[in-house]
Amino acid sequence: MNRRFFIQFGAMGSLALIAPFLIAARAQTTGAAGTKRHKMVIQVSDNDPAKWNLALNNAKNLQDDVGAANVDIEIVAYGPGIAMLKLESPTGSRIADAAKAGIKVTACENTMRGQKLSKDDMLAGISYVPAGVTEIMKKQGEGWAYLRP
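Remember, predicted model here, so these are calculated numbers, not experimental data.

A.B. asks: I tried to follow the nonpolar core on my own but got confused; where do I start?
C.D. replies: As a rule of thumb, soluble globular proteins bury nonpolar side chains together. If you look at the biggest cluster of nonpolar residues, it comprises 24 residues, and the most contacted ones within it are Trp52 and Leu85. Put simply, the parts of the chain that give this core at least two residues each are strand 1 (38-44), helix 2 (49-66), strand 2 (71-77), helix 3 (92-100) and strand 3 (104-108).

Here's what the structure looks like:
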């Protein structure tokens, strides 16, 4: 068998094998009406109610602009930003409203350990990840847009 033919056939064979996966991946980023599904990860690492309110406003505005059904939003808190996810947080009611609106709010467990916080110290309805910066990196690697207000 001609080596050139084998290499060309091998490449075409590989393409035939991965084509269904490429089509499936494309289907995941478009909605039923063919609209693009947007994905945004928002970093909050400041212990500042104004920064949290800005991040929450950005998330709500994004949902309003492109449609809540067309966007996945995750707010990732770590470092000093974790304080706004504690039970006594001045932004607690806004964070609860965001979660009800489908915005995922995530706390960094590394930060929680460093600040000796448990899940009992935190607002209800939030999610947890082992490391906030790793979560942001993974989301960006998956094609999510990044925002740090």
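Let us keep going from here.
A.B. asks: So what exactly am I meant to see when it comes to the sheet that holds strand 1 here?
C.D. replies: Consider a sheet: its strands pair through backbone hydrogen bonds, and that pairing is either parallel or antiparallel. With respect to topology, five strands assemble into an open sheet ordered 4-3-2-1-5, the strand pairing being parallel. Strands with a single pairing partner mark the edges of an open sheet, and in this sheet they are strand 4 (127-129) and strand 5 (145-147). Averaged over all neighbouring strand pairs, the angle between strand axes comes to 30°, with direction disregarded. Looking at chain direction, strand 3 and strand 4 are connected through three bridges and run parallel. From the neighbouring strand, threonine 106 faces strand 4, where its bridge partner is serine 127. Each of strand 1, strand 2, strand 3, strand 4 and strand 5 touches helix 5 (residues 132-141); the most contacted strand, strand 2, lies at about 155° to it.

A.B. asks: Explain the environment of alanine 124 to me, please; I cannot follow it from the model alone.
C.D. replies: In this fold, alanine 124 is placed in the loop between helix 4 (109-114) and strand 4. Judged by its relative accessible area of 71%, alanine 124 is exposed. Through-space distance from the C-alpha of alanine 124 to that of glycine 92 is 9.3 Å; in sequence the pair is 32 residues apart.

A.B. asks: Explain helix 2 to me, please; I cannot follow it from the model alone.
C.D. replies: Helical periodicity: at 3.6 residues per turn, an α-helix aligns residues three or four positions apart in one direction. With 18 residues, helix 2 ought to run about 26 Å at 1.5 Å a step, and its terminal C-alpha atoms sit 26 Å apart, in line with that. Among the residues of helix 2, those classed as buried are Trp52, Ala55, Leu56, Ala59 and Gln63. Viewed end-on, helix 2 has its buried residues packed into an arc of 95°, placing them on one side of the element. Residues of helix 2 that are exposed and point over 90 degrees away from its buried face: Ala50, Asp64 and Asp65. Between the side-chain oxygen at the start of helix 2 and the backbone nitrogen of alanine 50 there is a gap of 2.9 Å, and the oxygen is on aspartate 48. The positive-phi residue at the C-terminal boundary of helix 2 is glycine 67, with phi of around 95°.

A.B. asks: It is not clear to me how the packing of aromatic side chains should be interpreted in this structure. Could you clarify?
C.D. replies: Geometry of an aromatic ring pair is reported as the spacing of the ring centres plus the angle between the planes. All chains considered together, the criterion is met by zero aromatic pairs. Above the ring of tyrosine 128, the side-chain terminus of lysine 119 is found at 4.6 Å from the ring centroid.

A.B. asks: Just checking my understanding: could you explain the pairing of strand 3 for this structure?
C.D. replies: Regular strands place side chains that alternate from one sheet face to the opposite one. Of all five residues that make up strand 3, four are buried, and the element is covered over most of its length. Two strands pair when backbone bridges link them, and strand 2 and strand 3 are joined in this way by four bridges, in the parallel orientation. Note that in strand 3 the partner of glutamate 74 across the bridge is lysine 104. For the crossover from strand 2 across helix 3 to strand 3, the handedness is right-handed. After leaving strand 3, the chain enters helix 4 and then returns to the sheet as strand 4, a path that is right-handed.

Basis of the calculations
- Residues numbered from 1 in each chain as written.
- Predicted model: local features only at pLDDT ≥ 70, side-chain atom pairs only at ≥ 80, totals over all residues.
- Heavy atoms only, no water.
- Core = buried A, V, L, I, M, F, W, Y, C linked by side-chain atoms within 4.5 Å.
- Buried < 20%, exposed > 50% of the residue type's maximum accessible area, 1.4 Å probe, protein only.
- Helix = DSSP H or I, 4+ residues; strand = E, 2+ residues; numbered from the N terminus.
- Pairing = 2+ DSSP bridges.
- Axes fitted to C-alpha atoms, helices over the stretch in contact; angles between N-to-C directions.
- Contact = heavy atoms within 4.5 Å.
- Expected span 1.5 Å × (residues − 1).
- Arc of directions from axis to C-beta.
- Polar contact = N/O pair within 3.5 Å; in protein donor to acceptor, adjacent residues only side chain to side chain.
- Phe/Tyr/Trp six-rings, centres within 6.5 Å; stacked < 30°, edge-to-face > 60°.
- Lys NZ or Arg CZ within 6 Å of the ring centre and 35° of its normal.
- Right-handed = clockwise from strand over helix to strand, strands pointing away.

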